[in-house]
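# Structural overview for review
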Amino acid sequence: MFPGPGAHSPGSLGPLVSGSAELRGMLERIDRIAAEYGWEPVSDLLLRADEAHAGEVKQRPEHYWLAFYSTSLVLAAMLRSADVAADVLVGHSSGEVAALVAADALTADAGARVLCERIRAVNDTALPTGAMIAVEAAARRVEHMCAAVGDVSLAVAVDNGPRQVVVSGRSYAVHRLQRLAEALMVRATVLEAPGAFHNPMFGGAAHRFAEATAGIEVRAPLGRVYSPQLGRYVRSAGDVRELLAGLLVLPVAFRQALLHLYDDGVTDFVECGAGQLLTGLVAANLPATAQAVPLLSDGAQALSVPDVLARLVGRQQRPRDAVSAVSRAPLTAPRFAVAGEVPPVERDPSDRPAAAPALTELTRPGTV
């Protein structure tokens, strides 16, 4: 599973890429592409941790849009190097771009350019100020709440789980929805997302974005890729182009994606990013027979990643094992010497699914 913006940790990639000229070269190329759009290098944030960099995350677009992407690509390369095979790849929101790169439908450079052009299109389009809000209620109820507010800009942007829905729209309408939620004693928190993403009000920006990315080469994925935004598997270059065209306006049906993959026989999920947001969504949406493993729960865990990879390799020896969301891309990394063990995230089948991640987890920058 490839998470979206916010799924990075300052300094976390330093120990992981120190011995890989290829991975460091990939980060350098992403920095050069960022520079073409007037952005600062993102690799400094990811390779070294200090308070100054941590405080700049909200102000710098390269941190918001390229840090999670770079982190996912490095972890995907490590998974492939460890011979952890993928049954299917799935991304969340902008994480779908990383999933396409991992499936060789886009190059790493092209994926970075897609993310940069996406934001340029938004910035170049005259749009009313937008916002996003996480509501702790089922999607159907949230839709009724939006209808009660009576503003056409409000739309369900992300369906993460049975009690975790994100709505986007004009800022004043989002704040009206927040007041309604308070009156109904429904918990709702405005997110720090820089706009009303996954909303039809971005239609003009989506048109600009499609024109700007028309020349970017796309290919049919090498392996299976499931798109929560398309609601189906991505099988052809045409599907890739359709997904890119909809990145700004299509809602993210992540809850439905997890259920579909589980019904298809996927029971092991690997979060290919920093943090545990998607790992928590697996627990919230699927039976206890589904297992989720975060590769990099925080920056301090970076040195333990090789141990986690070793356990994943061992788990793939089980009959009919299906490990979800790991790389099939031709990204390479050096083989790691593995020592010790880190227990995988396991739950007894008799346990009930854990609760969804708290809204405090969703309110950090870029969790949608």
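These notes cover the structure that comes with them. Note on numbering: residues in each chain are counted from 1, in written sequence order. With pLDDT at 70 or above as the cut-off, local features in this predicted model cover only qualifying residues; side-chain atom pairs require 80 or more to be listed or tallied, and sums for whole chains, interfaces and linings still use all residues. Side-chain numbers come from the whole structure's heavy atoms, not from hydrogens or water.

## Observations regarding the sheet that holds strand 3 (residues 155–161)
- Pairing between strands is defined by DSSP: at least two bridges between them are needed. Here a strand is any run of E in DSSP of at least two residues, a helix any run of H or I of at least four, and the numbering for each starts at the N terminus. Strand order in this open sheet of 4 strands is 3-4-2-5, and the pairing throughout is antiparallel. In this open sheet, the two edge strands, each paired with only one partner strand, are strand 3 and strand 5 (188–190). The sheet shows a mean angle of 20° between the axes of neighbouring strands, taken without regard to direction.
- Pairing of strand 2 (residues 130–135) with strand 4 (residues 164–170) involves 6 bridges; the strand directions are antiparallel. Pairing of A131 across the sheet is with G169, part of strand 4.
- Lying on the sheet, helix 8 (residues 139–149) is in contact with strand 2, strand 3 and strand 4; it crosses strand 4 at an angle near 25°. The axes used here are C-alpha line fits, helices contributing only the stretch in contact, and every angle between their N-to-C directions lies in the interval 0 to 180 degrees. Whether two residues are in contact is decided by their heavy atoms, any of which lying within 4.5 Å being enough.

## With respect to the nonpolar core
- For this analysis, a nonpolar core means a set of buried residues of the types Ala, Val, Leu, Ile, Met, Phe, Trp, Tyr and Cys, connected via side-chain atoms within 4.5 Å. We call a residue buried when its accessible area falls under 20% of the maximum for its residue type, exposed when it is over 50%, and partly exposed in between, using a 1.4 Å probe and counting protein chains only. Counting residues in hydrophobic clusters, the biggest one holds 97 residues, and the most contacted among them are L66, Y69, V74, L100, L106 and F269.
- Considering every element that reaches this core, the biggest residue donor is helix 5 (residues 61–81), with 13 residues.
- Each residue touching V74, except ones within four places of it in the same chain, is listed here: L13, L16, V17, L23, M26 and L27.
- In this structure, A137, V142, V156 and A181 belong to the second largest nonpolar core, which totals 19 residues.

## So, the packing of helix 7 (residues 108–123) against helix 10 (residues 203–212)
- It is at 8 Å that the axes of helix 7 and helix 10 come closest, and there the two elements cross at 140°. Judged by the angle between their axes, helix 7 and helix 10 are oblique. Pair helix 7 / helix 10 crosses with right-handed handedness. Between helix 7 and helix 10, the contacting residues are V114, E117, R118, A121 and V122 on the first element and A205, R208, F209 and A212 on the second.
- Throughout this entry, Asp, Glu, Lys and Arg are counted as charged residues, while Ala, Val, Leu, Ile, Met, Phe, Trp, Tyr, Cys and Pro are counted as nonpolar. The remaining residues, Gly among them, count as polar. Of the residues belonging to the contact of helix 7 with helix 10, the class tally is 6 nonpolar, no polar and 3 charged. Throughout this description, any angle smaller than 35 degrees is read as roughly parallel, any larger than 145 degrees as roughly antiparallel, any in the 65 to 115 degree range as roughly perpendicular, and the remainder as oblique. It is the rotation of the near helix from the far one that decides the hand of a crossing: anticlockwise by less than a right angle makes it left-handed, clockwise makes it right-handed.

## A word on the pattern of salt bridges
- The rule for a salt bridge is simple: a side-chain nitrogen of Lys or Arg has to be within 4 Å of a carboxyl oxygen of Asp or Glu. Summed over the entire model, instances satisfying the criterion amount to 11 salt bridges.
- The partner of R113 in a salt bridge is E36, and the shortest N-O contact between them spans 2.8 Å. Taken together, the residues R113 in helix 7 and E36 in helix 2 (residues 21–36) connect sequence positions 77 residues apart.
- Given a relative accessible area of 47%, E36 falls into the partly exposed group.
- Each of D104, E217 and R219 takes part in a single network of salt bridges with overlapping partners.

## Some details on the sheet that holds strand 7 (residues 232–234)
- On the basis of which strands lie adjacent, the open sheet formed by 3 strands has the order 1-6-7 and mixed pairing. If you trace the sheet from one side to the other, it starts and ends with strand 1 (89–90) and strand 7, each paired once.
- Across the face of the sheet, helix 11 (residues 237–245) comes into contact with strand 6 (225–227) and strand 7 while running at roughly 115° to strand 7.

## Some words on the packing of aromatic side chains
- Two rings from Phe, Tyr or Trp (for Trp, the six-membered ring) form a pair when their centres are within 6.5 Å of each other. A pair whose planes differ by under 30 degrees is stacked, one over 60 is edge-to-face, and the rest are tilted. Going through the model one piece at a time under the given rule, you end up with 5 aromatic pairs.
- Look at Y37 and W39: their rings are 6.5 Å apart centre to centre, the planes differ by 50°, and that puts the pair in the tilted class. The residues Y37 and W39 share a single accessibility class, namely buried.
- Through a chain of ring-to-ring contacts, three or more aromatic side chains come together here, namely Y64, W65, F197 and F202.

## Overview of the pairing of strand 2
- Burial within strand 2 is extensive, with 6 of its 6 residues counted as buried.
- The alternating pattern of strand 2 places G130, M132 and A134 on one face and A131, I133 and V135 on the opposite face, and all of these are buried.
- In this structure, strand 2 lies alongside strand 5, joined through 3 bridges in antiparallel fashion. Opposite I133, over in strand 5, you have V190 as the bridge partner.

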